[in-house]
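The primary structure of each chain is shown beneath.
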Amino acid sequence: MLLFEDIVRAEKIVSKHIVTTPVVHSKALSEAVGEQIYLKLENQQITGSFKIRGAINAISNLNPAQKKAGVVTLSTGNHGRGLAFAAKLMKIKCIICMSKLVPENKIEGIRALGAEVRLIGTNQDEAQLEADRLSIEEGMTYISPFDNINVIAGQGTLGLEIHRQTPKLNFAFIPLSGGGLICGVAMALKHLNRNLKVIGVSMDRGAAMYESQKAGKPIFVKEEESLADALTGGIGLDNKYTFELTKQLVDEIILVSEKEIADGIRHAYWLESQIVEGAGAVAIASLLSNKFKLTGPSIALMCGRNINIERHFTLISSKS
Ligand SMILES: *Cc1c(COP(=O)(O)O)cnc(C)c1O
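Residues numbered from 1 in each chain as written. Predicted model: local features only at pLDDT ≥ 70, side-chain atom pairs only at ≥ 80, totals over all residues. Heavy atoms only, no water.

J.: Mind laying out the sheet that holds strand S9 (residues 252–256), listing which residues take part and the relevant values?
T.: Taken together, 6 strands build an open sheet; the order of strands is S1-S2-S10-S7-S8-S9 and the sheet is mixed. Whereas interior strands pair on both sides, the edge strands pair on one side only; in this sheet they are strand S1 (23–26) and S9. For this sheet, the mean inter-axis angle between neighbouring strands, taken without regard to orientation, is 25 degrees. (Pairing = 2+ DSSP bridges. Helix = DSSP H or I, 4+ residues; strand = E, 2+ residues; numbered from the N terminus. Axes fitted to C-alpha atoms, helices over the stretch in contact; angles between N-to-C directions.)

Next up, the structure:
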């Protein structure tokens, strides 16, 4: 299982290769909520999201034979990008499997980082089969975007940074999908501040971890399209780590609507001067919609900025 020391060790590896993203005080959100609100601007991280933290830590912890055989995953988004970046940095072979229906710009974005893109079939399941085959037959290591201890520890380095930058927090609002991010961050923050509460925020369309926690076990939840595309997808019926860790470490999970996410993206742009993708906006969206009665200084994590820039322009140009 995950230990605080794993996160401390991860930071020694990861910090050399990433930027320490700033924490800023938000005047607008503090006035809206009536408490002091801070923002962790991880949307400014290299590759546009926190995913390189986990990817670098996971690759660094492979043994020499595993490093030689390389890594494989299935992701068209931030994890694929983060893993490709980390593999290039550490000179490791990396294959990202995708369905043939993925837009060309996403394929190019990952190829530009030096990873091999393998296009198989017309849905995620067929691409998953190829990723599984590469790991079984060719000995490549499959790196899960969230259900991997070294990935979770890598994302946890964000918690160490947040504590150093703003030690007196009561609440942390953290975006939640598979749970690699929130479990790492909650482990770090709660170890350093026993009174702090960690609140997970997901979209209300197909919130797999929320529904699974309610059911008491990992369950299948139908995937739906959302502005917070980085939060869609399941937690795996064979979930090894993040279901249990979320149960232990996350105090509450709240859900936000598509309209609230759009308002969050607009707020980030017009009042905080930040470009965020949907998933990067859910934490502030939950504060703006007053979903949760918080007291005392609190932080919201803005975790990514990889949004189609034309879509972003359309969103920020409209009022609602
Ligand atoms: C991956 C991702 C998340 C969710 O992380 P989990 O570890 O799956 O909970 C949130 N925001 C962004 C921008 C992401 O890329």
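J.: Talk me through the environment of Lys240; I want residue IDs and the actual numbers.
T.: Take Lys240: it is sitting in the loop between helix H10 (208–215) and helix H11 (242–249). Note: C-alpha distance between Lys240 and Ile149 (91 residues apart in sequence) is 9.4 Å. With residues up to four places along the chain from it excluded, the contact list for Lys240 reads Met1 and Asp147. (Contact = heavy atoms within 4.5 Å.)

J.: Tell me about the site of the ligand, and please be specific about residues and values.
T.: Residues in contact with the ligand amount to 16 residues; listed here are only the nearest, Lys51, Asn78, Ser177, Gly179 and Leu181. Measuring from an oxygen atom of the ligand, one finds a side-chain N or O atom of Asn78 at 2.8 Å. In this structure, an oxygen atom belonging to the ligand sits 2.8 Å away from a main-chain N or O atom of Gly179. In isolation the ligand has 390 Å² of accessible area, and contact with the protein removes 97% of it. Split into classes, the residues belonging to the shell around the ligand amount to 8 nonpolar, 6 polar and 2 charged. (Near = heavy atom within 4 Å. Polar contact = N/O pair within 3.5 Å; in protein donor to acceptor, adjacent residues only side chain to side chain. Areas by Shrake-Rupley, 256 points an atom, 1.4 Å probe, with all protein chains shown as cover. Nonpolar A, V, L, I, M, F, W, Y, C, P; charged D, E, K, R; others polar.)

J.: Run through the side chain of Glu42, naming residues and quoting values.
T.: With respect to the helices, strands and loops of the structure, Glu42 is situated in the loop between strand S2 (37–41) and helix H3 (51–60). Taking relative accessible area as the criterion, Glu42 reaches 0% and is therefore assigned buried. Polar side-chain contacts of Glu42 include one of 2.8 Å to the side chain of Arg53. Sequence-distant contacts of Glu42, defined by excluding residues within four places in its chain, comprise Thr21, Ser49, Phe50, Arg53, Leu158, Leu301, Met302 and Cys303. (Buried < 20%, exposed > 50% of the residue type's maximum accessible area, 1.4 Å probe, protein only.)

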